[in-house]
Amino acid sequence: MTDWGFPTELEDISGQVAIAGIGEADYTKASGRTATEIALQAIDRAIADAGLTPADIDGVMHMPRMGGQVDEAAFHSHFGTAQEMWSSKRGGGMVWAGTAPYAAAAALRRGEARYIVNSFAVAWASERSQMVGGPGESHAQELYKQNLEIPFGWFPQPVYFATIARRHMHEYGTTSAQLGAIAVTCRRNAQSTPGAVMAGRPLTLEQYLASPMIADPFRKEDCCLISDGGAAYVMTTPERARDLPQPVVEVAGLGIGNSASGVHWAEQGDFTATPQVYAAPGAFAMAGMTPADVEVLTVYDPFTIVTLMQIEDIGFCKKGEGGPFVETDSLAYNTHGGLLSHAYVLGIAHVVEVVRKLRGAAEVGVYGGYTGPQASCLVMRAA
């Protein structure tokens, strides 16, 4: 089925934005800190990484509908600054960790800002006891879900995605061992990532298969962590970035895909796909590249099946071939451990990870963002 969603039309911003600074807060279990405190730590580190000072930052992006994010007032209050700032509510994590450069490009082009920071943080490990279904609280508050999903037991997220995984198994022959290959890969990657929540806790496929089911076909290792943590990145023009200390990483392409059924996932036309099928083609077209050019991939991975589907939908293999594909080592994905083994900070650390790799040996990297009704595809290159 090919008509269950649509891409968002975007202007070409290839080469207009560089990510010049990256920073991460400490990733922990319950820390007792607020999301604001965590985000500010990440912002402070990102500014320092860019070789700037807080007074240089004249743009701030955040996601207002998740509490505790850093807006203009919180930035000035913490850093003791007073400069005029361009501010946007189209930043944060998830899909918006990938689309923030699009809004930033317009502000940079119009001269409304020179150095823009996007940040996102959660304190969900600390707040877990106060939430309905943990992070599922945001889903429980959504009216479609309240009326059409929750009363029938399709809640919270592990149940949603276990259903999707089971359908993928039915249609394409995907196996538990193939889902386990994703969990094992992410856990292995976390072992070499300083600060990863699951560092020091390796996982073998045998251990995965021996783990009890929590929502068939999911074991706990198929499901993301609950943690405190956050990340931030500083954007500017490539020209300005060349005067800063870090290697220049440019935004090469960006795409946004949408499901016509919106938040009501149960009615999505293709139940075993993500809106990446609409986001990725535009991103690669803007970049003048194909998936074959990509050396490192990070995808929003609340559950193993979402990684597998996005690998298919972005174009690294044909639909239905994701299971055998992830059993190979042909693609470096979620090289920091992802939401499964690094930290659950909703994708913004995925962007930071790609930038880190592009400052080293890699030339092209991609972040795939996902929320269910939307997906973003951010293609980045070493300049």
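Here, the structure is the one placed above.
Residues numbered from 1 in each chain as written. Predicted model: local features only at pLDDT ≥ 70, side-chain atom pairs only at ≥ 80, totals over all residues. Heavy atoms only, no water.

### Points about helix 15 (residues 348-358)
A large share of helix 15 lies buried, amounting to nine of its 11 residues. Within helix 15, the full set of buried residues consists of Ile348, Ala349, His350, Val351, Val352, Glu353, Val354, Val355 and Leu358. (Buried < 20%, exposed > 50% of the residue type's maximum accessible area, 1.4 Å probe, protein only. Helix = DSSP H or I, 4+ residues; strand = E, 2+ residues; numbered from the N terminus.)

### Things to note about the side chain of Gln83
Mapped onto the elements, Gln83 comes out in the loop between helix 2 (72-79) and strand 4 (86-88). At 2.6 Å, the side chain of Gln83 and the backbone oxygen of Ile57 are in polar contact. When near neighbours in sequence (up to four residues on either side) are disregarded, Gln83 contacts Pro54, Ala55, Ile57, Phe75 and His76. (Polar contact = N/O pair within 3.5 Å; in protein donor to acceptor, adjacent residues only side chain to side chain. Contact = heavy atoms within 4.5 Å.)

### Here we look at the environment of Ile38
For Ile38, the location among the structural elements is in helix 1 (residues 35-49). With 283 residues separating them along the chain, Ile38 and Glu321 place their C-alpha atoms 39 Å apart. Sequence-distant contacts of Ile38, defined by excluding residues within four places in its chain, comprise Ala25, Ser31, Arg33, Ala121, Val122, Ala123, Asp228, Gly229 and Gly230.

### What about the environment of Phe316?
Mapped onto the fold, Phe316 is located in the loop between helix 12 (304-314) and helix 13 (322-326). You can call Phe316 buried: its relative accessible area is 15%. On a C-alpha basis, the gap between Phe316 and Thr193 in space is 25 Å, while along the polypeptide they are 123 residues apart. In this view, Phe316 contacts Pro291, Val294, Leu297, Ile311, Phe325 and Leu331; residues no more than four positions away in its chain are not counted.

### A short note on the state of the cysteines
Linking two cysteines covalently via their sulfur atoms produces the bond known as a disulfide. If you walk through the whole model with that rule in mind, you get zero disulfides. No disulfide involves Cys224; its sulfur sits 7.0 Å from the nearest other cysteine sulfur, which is in Cys223. Given a relative accessible area of 17%, Cys224 falls into the buried group. Cysteine Cys377 shares no disulfide, and the gap to the nearest cysteine sulfur, in Cys317, comes to 14 Å. (Disulfide = S-S within 2.5 Å.)

### Some points on helix 1
Taking 1.5 Å of rise per residue, 15 residues should cover 21 Å, and helix 1 covers 21 Å from first to last C-alpha, within 8% of that figure. Where helix 1 is concerned, the buried positions are Ala35, Ile38, Ala39, Leu40, Gln41, Ala42, Ile43, Ala46, Ile47 and Asp49. Directly after helix 1, the chain includes Gly51, whose backbone phi takes a positive value near 75°. (Expected span 1.5 Å × (residues − 1).)

### Quick look at the nonpolar core
In terms of nonpolar packing, the biggest core is built from 104 residues, with Phe161, Ile305, Val379 and Met380 touching the most fellow members. Every residue in contact with Val379, bar those within four places of it in the chain, is listed here: Glu250, Val251, Ala252, Gly253, Ala283, Phe284, Ala287, Met289, Val364, Gly365 and Val366. Of all hydrophobic cores here, the second largest spans 28 residues; its members include Ala50, Val60, Phe79 and Ala241. (Core = buried A, V, L, I, M, F, W, Y, C linked by side-chain atoms within 4.5 Å.)

### Regarding the pattern of salt bridges
Per the stated rule, a full pass over the model turns up 15 salt bridges. Of the charged contacts in the structure, one is a salt bridge between Arg166 and Asp216, with a shortest N-O distance of 2.6 Å. Of the two residues, Arg166 is situated in helix 7 (residues 157-172) and Asp216 in the loop between strand 6 (213-215) and strand 7 (218-219); the sequence distance between them amounts to 50 residues. Accessibility expressed as a relative area gives 37% for Arg166, which makes it partly exposed. (Salt bridge = Lys/Arg side-chain N within 4 Å of Asp/Glu carboxyl O.)

### Digging into the packing of helix 11 (residues 276-287) against helix 12
With their axes 8 Å apart at the nearest point, helix 11 and helix 12 run at an angle of 45° to one another. For the element pair helix 11 / helix 12, the angle class is oblique. Judged by the sense of rotation from one axis to the other, the crossing of helix 11 with helix 12 is right-handed. In contact with Gln276, Val277, Ala280 and Phe284 of helix 11, helix 12 contributes Gln310, Asp313 and Ile314. Per-class residue counts for the contact of helix 11 with helix 12 are four nonpolar, two polar and one charged. (Axes fitted to C-alpha atoms, helices over the stretch in contact; angles between N-to-C directions. Parallel < 35°, antiparallel > 145°, perpendicular 65-115°, else oblique. Left-handed = near helix turned anticlockwise from the far one by under 90°. Nonpolar A, V, L, I, M, F, W, Y, C, P; charged D, E, K, R; others polar.)

### A closer look at the pairing of strand 2 (residues 18-24)
Of all seven residues in strand 2, seven are buried, a share of seventy percent or more. Direction of pairing for strand 2 relative to strand 8 (residues 228-236): antiparallel, over a ladder of six bridges. In the strand pairing of strand 8, Gly21 is matched with Val234. (Pairing = 2+ DSSP bridges.)

### Topic: the side chain of Gln69
Structurally, the position occupied by Gln69 is in the loop between strand 3 (59-61) and helix 2. Given the relative accessible area of 9%, Gln69 is considered buried. One polar contact links the side chain of Gln69 to the main-chain carbonyl oxygen of Ala121, over a distance of 2.8 Å.

### Considerations on the packing of aromatic side chains
This structure, assessed with the given rule, holds eight aromatic pairs. An angle of 0° between the planes, with centres 5.5 Å apart, marks the rings of Phe218 and Phe303 as stacked. Residue Phe218 is located in strand 7, and its partner Phe303 is located in the loop between strand 10 (296-299) and helix 12; the two are separated by 85 residues in the primary sequence. Pair check on accessibility: Phe218 and Phe303 agree, each one buried. If you follow Arg219 out to its NZ or CZ, it ends over the ring of Tyr208, 5.1 Å from the centre. (Phe/Tyr/Trp six-rings, centres within 6.5 Å; stacked < 30°, edge-to-face > 60°. Lys NZ or Arg CZ within 6 Å of the ring centre and 35° of its normal.)

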